[in-house]
Amino acid sequence: MRSLRCANTTSFSTVKTCYKVLRHIVATPASHSPPRQTRTMHDMYETLALYIDGEFVSSDGRKTEEVTNPSTLDVLGHLPHATTKDLDRALAAAARAFETWRHSSPMLRSEILRKVGQLSRDRAQEIGRNMTLDQGKPLAEAVGEIMTCSEHADWHAEECRRIYGRVITPRNPEVRQMVLREPIGVCAAFTPWNFPYNQAIRKVCAAIGSGCTIILKGPEDSPSAVMAIARLFHDAGLPPGVLNIVWGVPSEISDYLIRSPIVRKVSFTGSVPVGKHIASLAGAHMKRVTMELGGHSPVIVFEDADIDRAAKQLARFKLRNAGQVCVSPTRFYVHEKAYDQFLETFISTIQSVKVGDGMDPETQMGPLAHARRVPAMTKFVENALELGGKVLLGGEPLDRTGHFFSPTVVTDLPEHSMLMTEEPFGPIAPITRFSDTDDVIKRANSLPFGLSSYVFTNSLQTATKAANNIEAGMVNINHFGSALPETPFGGLKDSGIGSEGGSETFEGYLTTKFVTHI
Ligand code: NAD
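What counts as what
Residues numbered from 1 in each chain as written. Predicted model: local features only at pLDDT ≥ 70, side-chain atom pairs only at ≥ 80, totals over all residues. Heavy atoms only, no water. Helix = DSSP H or I, 4+ residues; strand = E, 2+ residues; numbered from the N terminus. Expected span 1.5 Å × (residues − 1). Buried < 20%, exposed > 50% of the residue type's maximum accessible area, 1.4 Å probe, protein only. Axes fitted to C-alpha atoms, helices over the stretch in contact; angles between N-to-C directions. Parallel < 35°, antiparallel > 145°, perpendicular 65-115°, else oblique. Left-handed = near helix turned anticlockwise from the far one by under 90°. Contact = heavy atoms within 4.5 Å. Nonpolar A, V, L, I, M, F, W, Y, C, P; charged D, E, K, R; others polar. Pairing = 2+ DSSP bridges. Polar contact = N/O pair within 3.5 Å; in protein donor to acceptor, adjacent residues only side chain to side chain. Domains from an automatic or database assignment. Buried area = accessible area lost by both parts, 1.4 Å probe. Salt bridge = Lys/Arg side-chain N within 4 Å of Asp/Glu carboxyl O. Near = heavy atom within 4 Å. Areas by Shrake-Rupley, 256 points an atom, 1.4 Å probe, with all protein chains shown as cover. Phe/Tyr/Trp six-rings, centres within 6.5 Å; stacked < 30°, edge-to-face > 60°.

### A few points about helix H7 (residues 224–235)
At step 1: A rise of 1.5 Å per residue sets the reference length of H7, with its 12 residues, at 16 Å; its end C-alpha atoms lie 16 Å apart and thus fit the reference within 8%.
At step 2: Most of H7 sits inside the fold, with 12 of its 12 residues counted as buried.
At step 3: Turning to H7, its buried residues number three or more, namely Ser224, Ala225, Val226, Met227, Ala228, Ile229, Ala230, Arg231, Leu232, Phe233, His234 and Asp235.
At step 4: Taken from the residues just after H7, Gly237 is the one with a positive phi, measuring 95°.

### Details of unusual backbone geometry
At step 1: Despite not being glycine, Asp60 has its phi angle at roughly 40°, a positive value.
At step 2: In this fold, Asp60 is placed in the loop between strand E2 (55–57) and strand E3 (64–68).
At step 3: Although it is not a glycine, Asp412 adopts a positive phi angle of roughly 60°.
At step 4: Its location among the elements puts Asp412 in the loop between strand E15 (408–411) and helix H13 (418–421).

### Side note on the packing of helix H4 (residues 124–135) against helix H5 (residues 139–159)
At step 1: At a minimum axis separation of 8 Å, H4 and H5 run at an interaxial angle of 130°. Judged by the angle between their axes, H4 and H5 are oblique. The hand of the H4/H5 crossing is right-handed. Note on element contacts: H5 touches H4 through Leu139, Ala142, Val143, Glu145, Ile146 and Met147, opposite Ala124, Gln125, Ile127, Gly128, Arg129, Met131 and Thr132.
At step 2: Classifying every residue of the contact of H4 with H5 by side-chain character gives eight nonpolar, three polar and two charged.

### As for the pairing of strand E12 (residues 297–301)
Note on strand geometry: in a regular strand, side chains alternate between the two faces of the sheet.
At step 1: Along E12, five of the five residues are buried, which leaves the element largely enclosed by surrounding structure.
At step 2: Neither face of E12 is exposed, since Ser297, Val299 and Val301 on one face and Pro298 and Ile300 on the opposite face are all buried.
At step 3: In this structure, E12 lies alongside strand E13 (residues 329–335), joined through five bridges in parallel fashion. Of the residues in E13, the one forming a bridge with Val301 is Val334.

### Focus: the side chain of Asp235
At step 1: When you line up the elements, Asp235 lands in helix H7.
At step 2: In this structure the side chain of Asp235 is engaged in a polar contact, spanning 2.8 Å, whose partner is the side chain of Arg123.

### A short note on the domain arrangement of the protein chain
At step 1: Its domain assignment divides the protein chain into domain 1 (9–293 + 498–513) and domain 2 (297–485).
At step 2: Distance from the C-alpha centre of domain 1 to the C-alpha centre of domain 2: 32 Å.
At step 3: On the domain 2 side, the residues contacting the 25 residues of domain 1 number 28 residues.
At step 4: Both faces combined, the contact of domain 1 with domain 2 buries some 2,200 Å², and carbon together with sulfur accounts for 60% of it.
At step 5: Joining domain 1 to domain 2, the criterion identifies one salt bridge.
At step 6: With a closest N to O distance of 3.7 Å, Asp221 and Arg372 form a salt bridge.

### Some words on the site of the ligand
At step 1: Around the ligand sit 21 residues in total, of which Trp193, Ser254, Ser271, Arg372 and Glu423 are the nearest.
At step 2: Within the side chain of Asn194, a nitrogen or oxygen atom sits 3.4 Å from an oxygen atom of the ligand.
At step 3: Here an oxygen atom of the ligand and a side-chain polar atom of Ser271 are 2.6 Å apart.
At step 4: In isolation the ligand has 790 Å² of accessible area, and contact with the protein removes 85% of it.
At step 5: If you count residues domain by domain, the shell around the ligand takes at least three from each of domain 1 (9–293 + 498–513) and domain 2 (297–485).

### Here's the deal with the packing of aromatic side chains
At step 1: Across all of its chains, the model carries 10 aromatic pairs by this definition.
At step 2: The interplanar angle of 40° and the centroid separation of 4.6 Å between the aromatic rings of Tyr51 and Phe56 together place this pair among those described as tilted.
At step 3: Residue classification places Phe56 among the buried positions, given a relative accessible area of 18%.
At step 4: Both rings, one in Phe332 and one in Phe342, keep their centres 6.4 Å apart while their planes meet at 45°; by these two values the pair is tilted. Note that Phe332 is positioned in strand E13 and Phe342 in helix H11 (residues 339–351), a separation of 10 residues in sequence.

### Focus on the sheet that holds E13
At step 1: Read from one edge to the other, the open sheet built from seven strands follows the order E14-E15-E16-E13-E12-E18-E19, with strand pairing classed as mixed. One side of each edge strand has no neighbouring strand; the edge strands of this open sheet are strand E14 (390–393) and strand E19 (474–477). The average undirected angle you get between the axes of adjacent strands in this sheet is 25°.
At step 2: The pairing of strand E18 (residues 452–456) with E19 spans four bridges and is classified as parallel. If you follow Ser452 over to E19, its bridge partner there is Met474.
At step 3: Contacts from helix H10 (residues 307–318) reach E12, E13, strand E16 (428–434) and E18 within the one sheet, and its direction differs from that of E13 by about 165°.
At step 4: Together, E14, E15 and E16 form the strand contacts of helix H12 (residues 373–386), whose direction differs from that of E16 by roughly 30°.

Written out as structure tokens, the structure is:
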């Protein structure tokens, strides 16, 4: 095992020595992470383990949970749960590693992140295939997620070299006044199952790039992508303890880590209710939070838009990852004069989408990621029918093995229906009419969420009005442009606190210290 313990000292010469050693590790062909388990039919599925203090820890008598394929229901592997002792070990390792990592050169952090980006590209097919097996999304989408995330690593590699403080001109010329940005400390992060690679790697890159250490609990249902991230950083030469991965019962792990005095920052991506619970726990212990929560993204299609183009693009975008996307278009407001044309093209595009096992190269939409999401979809449809809604397409689980739900289009819904007020997080599109611009913006802003939003218009005046008045962290006009590494991603209102990506990415991981001397 590669071991590097530069801890317990902060002297400049020692830090320099550590830097040289680390440079050597990065430059030397990596001592590869342990070989994957014996290959059988599920052939190449990831070996599941904890990753603590630079070591992959197997189940070894620990409690485990089954990981299944949502398309076939086959068991893929067994995920070990961390014991309290494991969590204490991860906390101690992260605390110890922080004492060295906080002083590491940004050039070194950059070099490791750059290497992670490259390894991620090299392994995209393998990581993507494992993600399709345990999450269900089509292989092309999975591999696309890995490739985009390789760019996230590149972006953080660039930006972490540009974390600056500032000097403030003093009132007294003999005084010096400086503002220092310092890494906040040990971070605890909790990431979900819909984009298992994307959501985890963004948090890990931001923490590590800023000089923090991190303990991450990934999604137990779809764990392979997070395991792959541990291997990437391990193989890229990250010192032990800087990144630790644990699994278990989500509420038990988050409760234990957030209460620990070692943890100084908490980052969560997931649902609004769980986010509020975690933020309140973090607040009780006065810990910094970044919250990327759910939304209920309004789509406004004005009559002057290119209606067929908008309908086709929105239909395909709606079914990406079977609609299990926090920025998925979820409430459609279409101008009454464009409504019929929009609906016809939208429905025919949805009908042309091939639903199936994500491993089939023809598949364009896979299953829902878990059994529990199927009755959740049915509940939305039942509520719509009770309130007089019309189901124009789909509305039911598919009659086949796996957690499949048919792409669904619902119209004529009242504003207070479940579909118009709660995030469906699945392949259901509720479509309504509007006639007045001010009124539709008011309807778009009527919910407590404010993550993403979509506007289709050919009028600059309408586009500007929408951009200025929609309450959302992201406003996309005539295209889908969110979630690039160089752009900030985050929500307003109940949809979250803070941003990931863009030049804002390190904000949540840095403290501000004022130093003055005479
Ligand atoms: P859920 O609310 O039970 O869980 C959401 C995520 O939070 C999961 O990854 C889960 O493991 C995790 N989680 C739950 N309780 C936790 C706790 N106490 N501590 C730490 N992590 C915890 O719902 P679900 O059935 O998994 O997903 C359905 C809902 O979650 C959807 O309706 C959607 O709104 C939301 N969701 C949002 C995102 C997002 O990207 N913002 C991602 C996944 C799920």
